[in-house]
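Spelled out from the first residue to the last, the chains are:
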Amino acid sequence: MASQLQTAIEELVIANRIVAAEKVCDAFGHVSIRHPDDPRKFLLSRGRAPELIEAPDIMQFTLEGATAEGNGKPYIERFIHGAIYEARPDVQAVVHSHSYSVVPFSVIGEKLRPIMHVCATIGADIPVWDPEHNFGDTDLLVADMQQGRDLARALGAGTSVLMRGHGSTVAGASLREAVYAAVMLETNANLQLRAQAFGPVTFLTPGEIEKIRARQNRGKPGEGFDRAWQYWLRHAGFPTDE
Ligand code: MN
């Protein structure tokens, strides 16, 4: 029987292929999961485009971003992941991306907000993190723990945080939830851009968002995040597991 770690690595490879197939990540962006046997570590590929990632690419890092296992060249922005796991014991998976429809909402002062019921997972209040506030001019990358912790503070207890002029990061209680939220963040941004071109938009109310999320969190196998995962498995060329 496969160990928990082997299973986690296989699922993480699949998650990387899914975010590539769904156009959330292109050459850039990354997905991680907390180590199943050691909450003080996380699993993340070596620095590589998500579509290309295979099991031997998966490395292990301490929450401070030091390599604990594997010897590839890591992503510069691994601190995004470590700092969020450090701040949020409830988070089991993190997706960072530069998905194109989301980026405008990081620079226009207009909030990205849930507009469609399946997108409620992205959260009612989505902050924008601006590295310029605490770090002055940077190259926009989250390149150390100080910046990672600042980003994690901006995320707070939420699911999604936008990063000014750069992209976004989402955190989930499971890998499937994090991948779902990352796909829906891009979907919602795309819909919101189109709807707003016609004038003021009626967004989901905070009460609606809460009810939808409560239903999703009660989801049984084959429902919600899991149903979406099965669909995205097929899209990314993997057999479904039901
Ligand atoms: Mn980035």
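Our structure is the block above this text.
Presented here is an overview of the structure given in this document. Predicted, not measured: the structure shown is a model, and the values here were computed from it.

**What about unusual backbone geometry?**
Link 1 in the chain: One non-glycine residue, K23, lies in the positive phi region at around 65 degrees.
Link 2 in the chain: Among the residues examined, K23 registers a relative accessible area of 65% and is labelled exposed.

**What about the environment of Q230?**
Link 1 in the chain: Tracing the backbone shows Q230 in helix α7 (residues 224-235).
Link 2 in the chain: Along the chain, Q230 and L44 lie 186 residues apart, while their C-alpha atoms are 22 Å from each other.

**Observations concerning the side chain of H81**
Link 1 in the chain: Mapped onto the secondary structure, H81 falls in helix α2 (residues 78-87).
Link 2 in the chain: Of the polar contacts made by the side chain of H81, one reaches the side chain of H30; its length is 2.8 Å.
Link 3 in the chain: In this view, H81 contacts H30, V31, S32, F42, L44, V94 and H96; residues no more than four positions away in its chain are not counted.

**So, the packing of aromatic side chains**
Link 1 in the chain: Evaluated as defined, the whole model comprises four aromatic pairs.
Link 2 in the chain: Ring centres 6.0 Å apart and planes at 55 degrees place the aromatic pair Y180 and W232 in the tilted group. Linking Y180 in helix α5 (residues 175-196) with W232 in helix α7, this pair joins segments that are 52 residues apart in sequence.
Link 3 in the chain: For Y180, a relative accessible area of 6% corresponds to the buried category.
Link 4 in the chain: Ring pairing ties together the aromatic residues F42, F61 and Y85, which thus form one cluster.

**Things to note about helix α4 (residues 145-155)**
Link 1 in the chain: Within α4, the full set of buried residues consists of M145, Q147, G148, D150, L151, A152 and L155.
Link 2 in the chain: The elements touched by buried residues of α4 are α2, β6 (128-129), α3 (132-135), β7 (160-163) and β8 (167-172).
Link 3 in the chain: A distance of 3.1 Å separates the backbone nitrogen of Q146 from a side-chain oxygen at the start of α4, and that oxygen is part of D144.
Link 4 in the chain: At the C-terminal side of α4, G156 shows a positive phi close to 60 degrees.

**Points about the pattern of salt bridges**
Link 1 in the chain: Taken as a whole, this structure holds 12 salt bridges when the rule is applied.
Link 2 in the chain: When the shortest N-O distance is used, the salt bridge between R164 and D130 registers 2.9 Å. One end of the pair, R164, is in the loop between β7 and β8; the other, D130, is in the loop between β6 and α3, with 34 residues separating them in the sequence.
Link 3 in the chain: Exposure remark for D130: the relative accessible area of 15% places this residue in the buried category.
Link 4 in the chain: Salt-bridge contacts for R176 lead to D241; the nearest nitrogen and oxygen are separated by 3.3 Å. With R176 in helix α5 and D241 in the segment after α7, this residue pair connects regions lying 65 residues apart in the sequence.
Link 5 in the chain: Judged by relative accessible area, which is 47%, D241 ranks as partly exposed.

Conventions we followed
- Residues numbered from 1 in each chain as written.
- Predicted model: local features only at pLDDT ≥ 70, side-chain atom pairs only at ≥ 80, totals over all residues.
- Heavy atoms only, no water.
- Buried < 20%, exposed > 50% of the residue type's maximum accessible area, 1.4 Å probe, protein only.
- Helix = DSSP H or I, 4+ residues; strand = E, 2+ residues; numbered from the N terminus.
- Polar contact = N/O pair within 3.5 Å; in protein donor to acceptor, adjacent residues only side chain to side chain.
- Contact = heavy atoms within 4.5 Å.
- Phe/Tyr/Trp six-rings, centres within 6.5 Å; stacked < 30°, edge-to-face > 60°.
- Salt bridge = Lys/Arg side-chain N within 4 Å of Asp/Glu carboxyl O.

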